[in-house]
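Per-entry structural report
The residues making up each chain are set out below.
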Amino acid sequence: TPAQVEDLKQQTRSEAARRLCAKHITAHYPEWKQLNLLRTGTPAEQDQMSAFIDACRAWSNAEKPNPADLAAIQP
């Protein structure tokens, strides 16, 4: 049905957005760096990383995320 096709398109867009988001996050904060900051980073460093990750996740959860907007999100 057309509704099922639209649901599939939305799901595909959501998955693509999540992949782009993860790639953007790990480009700035590879997993090793995230773990090190969580373990020994200053509160300011941890807050900066968390704010960046939260902004990226909010972008990926938007109804129609624009990749140009993701690129503008910087730590």
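Our subject is the structure that appears above.
Residues numbered from 1 in each chain as written. Predicted model: local features only at pLDDT ≥ 70, side-chain atom pairs only at ≥ 80, totals over all residues. Heavy atoms only, no water.

With that settled, the discussion passes to the overall build of the protein. Tallying secondary structure elements over the protein gives four helices and zero strands in all. In the protein, the order of α-helices and β-strands from amino to carboxyl end is α-α-α-α. Whereas a compact globule of 75 residues would reach a radius of gyration of roughly 11 Å, the protein reaches 15 Å, over 25% beyond that. In terms of principal-axis extent, the alpha carbons of the protein reach across some 55 × 20 × 15 Å. (Helix = DSSP H or I, 4+ residues; strand = E, 2+ residues; numbered from the N terminus. Rg over C-alpha atoms; globule rule 2.2 N^0.38 Å.)

Moving on, we come to the packing of aromatic side chains. This structure, assessed with the given rule, holds one aromatic pair. Between Tyr29 and Phe52, the ring centres sit 5.7 Å apart and the planes meet at 50°, which makes this aromatic pair tilted. Taken together, the positions of Tyr29 in the loop between helix H1 (2–28) and helix H2 (31–40) and Phe52 in helix H3 (residues 43–60) put the pair 23 residues apart, joining distant regions of the chain. As far as the burial class goes, Tyr29 and Phe52 line up, both buried. (Phe/Tyr/Trp six-rings, centres within 6.5 Å; stacked < 30°, edge-to-face > 60°. Buried < 20%, exposed > 50% of the residue type's maximum accessible area, 1.4 Å probe, protein only.)

This part is about the environment of Ile25. Among the structural elements, Ile25 can be located in helix H1. Assessed through its relative accessible area of 9%, Ile25 is described here as buried. Separated by 19 residues in sequence, Ile25 and Ala44 place their C-alpha atoms 18 Å apart. Aside from chain neighbours lying at most four places away, what touches Ile25 is Gln34, Phe52, Ile53 and Cys56. (Contact = heavy atoms within 4.5 Å.)

With that settled, consider the environment of Leu38. Topologically, Leu38 is positioned in helix H2. Remark: the alpha-carbon pair of Leu38 and Met49, spanning eleven residues in sequence, is separated by 9.3 Å. Among residues more than four places away in sequence, those in contact with Leu38 are Gln46 and Met49.

Glancing now at the side chain of Gln34. Along the chain, Gln34 turns up in helix H2. Given a relative accessible area of 19%, Gln34 falls into the buried group.

Turning to empty space enclosed by the protein, a few remarks are in order. Counting across every chain of the model gives one cavity of 30 Å³ or more. Estimated volume of the largest cavity: approximately 30 Å³. Lining the largest cavity, in full, are Gln10, Arg13, Ser14, Ala17, Ser60, Ala62, Glu63 and Pro65. (1 Å grid on protein atoms, 1.4 Å probe; cavity = no way out; pocket = protein on both sides within 12 Å on 5 of 7 lines; lining within 4 Å. Points joined across faces, edges and corners; volume = space filled by probe spheres on them.)

Next up on the list: the nonpolar core. Formed by Ala17, Cys21, Ile25, Tyr29, Leu37, Met49, Phe52, Ile53, Cys56, Trp59, Leu70 and Ile73, the largest nonpolar core amounts to twelve residues. Among the elements of the structure, H1 and H3 are those that each provide at least two residues to this core. Sort the elements by how many residues they give to this core and H3 lands first, with five residues. When neighbours within four sequence positions are excluded, Cys21 is seen to be in contact with Cys56, Arg57, Trp59, Ser60 and Leu70. (Core = buried A, V, L, I, M, F, W, Y, C linked by side-chain atoms within 4.5 Å.)

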